[in-house]
Amino acid sequence: MVSPIIKATGIDKYYGTYRALTDISLEVANGEFLALVGPSGCGKTTLLKILAGFEDLSAGSLVIDGEDMTEIPASARPTRMVFQKLALFPHKTVAQNIGFPLHLAKRPKPEIDAAVRRMLELMHLKESYLNRYPHELSGGEQQRVALARSMVSQPPVLLLDEPMSALDAKLKKSLQAELKHLHRHVGTSFVHVTHDLEEAMMLADRICVMRAGKIVQLGEPSEIYYRPANAFVAGFIGDTNLLPAKVTREGDAFRFNCDVLDCANPIIAADQVAPGVAAGADAALMIRPEMLRLLAPGESADCTITGTVNEYFIRGASIQYRIAAAGTEIVMDIPGTSTLPAKQGDPVKLGLALGDLFAVEA
Ligand SMILES: Nc1ncnc2c1ncn2[C@@H]1O[C@H](COP(=O)(O)OP(=O)(O)OP(=O)(O)O)[C@@H](O)[C@H]1O
């Protein structure tokens, strides 16, 4: 990375004797959108608070925008934080709320007015809202105003702690689009904590997956999704099938043996095997549900799975099948159709390409 805006090195955080973060090293590039994901309690908010200066670190170092942050209080850091719960001033109008950081910085009024209007436009908020009070806005509009306020002074780093988790699904979708739009137009680096993995995949340039206070994997969404470091990451990001398997090296490639799969030539390339497995760890074969297809009678594939339909869910654009096969349940997503290709209790044969398999540490 040329010159990262955030450089965290070896950060530990203790609350009393409890170790909430262990050896966190992380760089965020200028203008990057990084998502922090992980199970509840893994330390995402703690890390965000350390970046913002609301918590001290117990060990390690933090440099933001070229400056060591150890002695720099939250108010003087080049960061802004947006919380899950809004903190709009109820007795100030939308214009006063958005312009507040510039007002505090004693900027001239014409400059504040121009900046407020720019933010209003970027967040697709109507001009007529300028004189409204927060209680006269919907939850989604209030969250947009909060985002506009956090961005009005163009901080180099915006820290977002699940800013959309309280919104309903439709509002969330539209605010996600707004957030991406905002990110594209302001050049600020975003660090975004979210529970919503689809949101992380959609919005982020890179995703940092955390577990029990440590970083498990940091990479681009496609890397995390198709090349997870281990079974935890594979199972955490999206639906997946993880089939127990034996994997052994054979020349430059790997041979696998899996009770559920019937393959004429069970060989996968070295880049389809996670490093831990290549080093001899127990393996699971990861198959994303959308990699599977329903085979017509007589149709063949590199590998097949024979089973019976347990359940199906019509999701509109796709149909999800749950299929009993060799003592396990396989999840398959196929494109939605108006006529159901198989129903409960039907025997089915699924096909998949060898190239779509990936072996992870079990
Ligand atoms: N002020 C505190 N004092 C003591 N322990 C704390 C404090 N804040 C957080 N913790 C503990 O540190 C761990 C990490 O908490 P944190 O809030 O960072 O997790 P998180 O990943 O953001 O979780 P969630 O997704 O549920 O918000 C948790 O076990 C939590 O109970």
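For every chain, the first residue of the written sequence is number 1, and numbering continues from 1 along that sequence. Totals for whole chains, interfaces and linings use every residue, but because this is a predicted model, local features are given only for residues with pLDDT of at least 70 and side-chain atom pairs only at 80 or more, for both listing and counting.

Taking strand neighbours across the sheet as the criterion, the six strands line up as β6-β7-β8-β3-β9-β10 in an open arrangement whose pairing is mixed. Among the strands making up the open sheet, the edge pair consists of β6 (79–82) and β10 (214–219). When strand polarity is set aside, the average angle formed by the axes of neighbouring strands in this sheet is 20 degrees. Strands are treated as partners if at least two bridges between them are detected by DSSP. Helix numbering and strand numbering both begin at the N terminus, where a helix is a DSSP run of H or I of at least 4 residues and a strand a DSSP run of E of at least 2. Pairing between strand β3 (residues 33–37) and strand β8 (residues 189–193): four bridges, direction parallel. Bridge pairing in β8 links Leu36 to Val193. For helices, the fitted axis covers only the stretch in contact; all axes are lines through C-alpha atoms, and the angles between them, taken along N-to-C directions, range from 0 to 180 degrees.

The ligand sits among Tyr15, Tyr18, Ala20, Gly38, Ser40, Gly41, Cys42, Gly43, Lys44, Thr45 and Thr46. Breaking the shell around the ligand down by element, the ones donating at least two residues are β2 (18–28) and α1 (44–52). The dominant element in the shell around the ligand, judged by the number of residues it contributes, is α1, at three residues. A class-by-class count of the residues in the shell around the ligand yields four nonpolar, six polar and one charged. For each residue, a C-beta atom is positioned from the backbone; the residue is called near a molecule or strand if that atom sits within 6 Å of it. Throughout, the ten residues Ala, Val, Leu, Ile, Met, Phe, Trp, Tyr, Cys and Pro are labelled nonpolar, Asp, Glu, Lys and Arg are labelled charged, and all others, Gly among them, are labelled polar.

Residue position: Asn265 is located in the loop between β13 (262–263) and β14 (267–268). Remark: the alpha-carbon pair of Asn265 and Cys303, spanning 38 residues in sequence, is separated by 8.4 Å.

A word on the domain arrangement of the protein chain. An automatic or database domain assignment supplies the start and end points of every domain. For the protein chain, the assigned domains are domain 1 (6–226) and domain 2 (239–361). Spacing between the C-alpha centres of domain 1 and domain 2 amounts to 38 Å.

Let us now look at the environment of Thr46. Of note, Thr46 is situated in helix α1. Separated by 121 residues in the primary sequence, Thr46 and Leu167 place their C-alpha atoms 23 Å from one another. We call two residues in contact when their backbone-placed C-beta atoms lie within 7 Å. Leave out the neighbours within four places in its chain, and Thr46 touches Lys13, Ala20, Leu21 and Glu55.

This part takes up the nonpolar core. Membership of the largest hydrophobic core comes to 98 residues, with the highest contact counts inside it found for Leu285 and Ala359. Contact partners of Ala359, with chain neighbours within four places excluded, come to Ala245, Val247, Phe254, Phe256, Ile268, Gln272, Val273, Ala274, Val277, Ala283 and Leu285. Think of a nonpolar core as buried Ala, Val, Leu, Ile, Met, Phe, Trp, Tyr and Cys residues chained together by C-beta atoms that fall within 7 Å. With C-beta atoms placed from the backbone, a residue is labelled by how many other C-beta atoms lie within 10 Å of its own: buried for 20 or more, exposed for 12 or fewer, partly exposed between the two.

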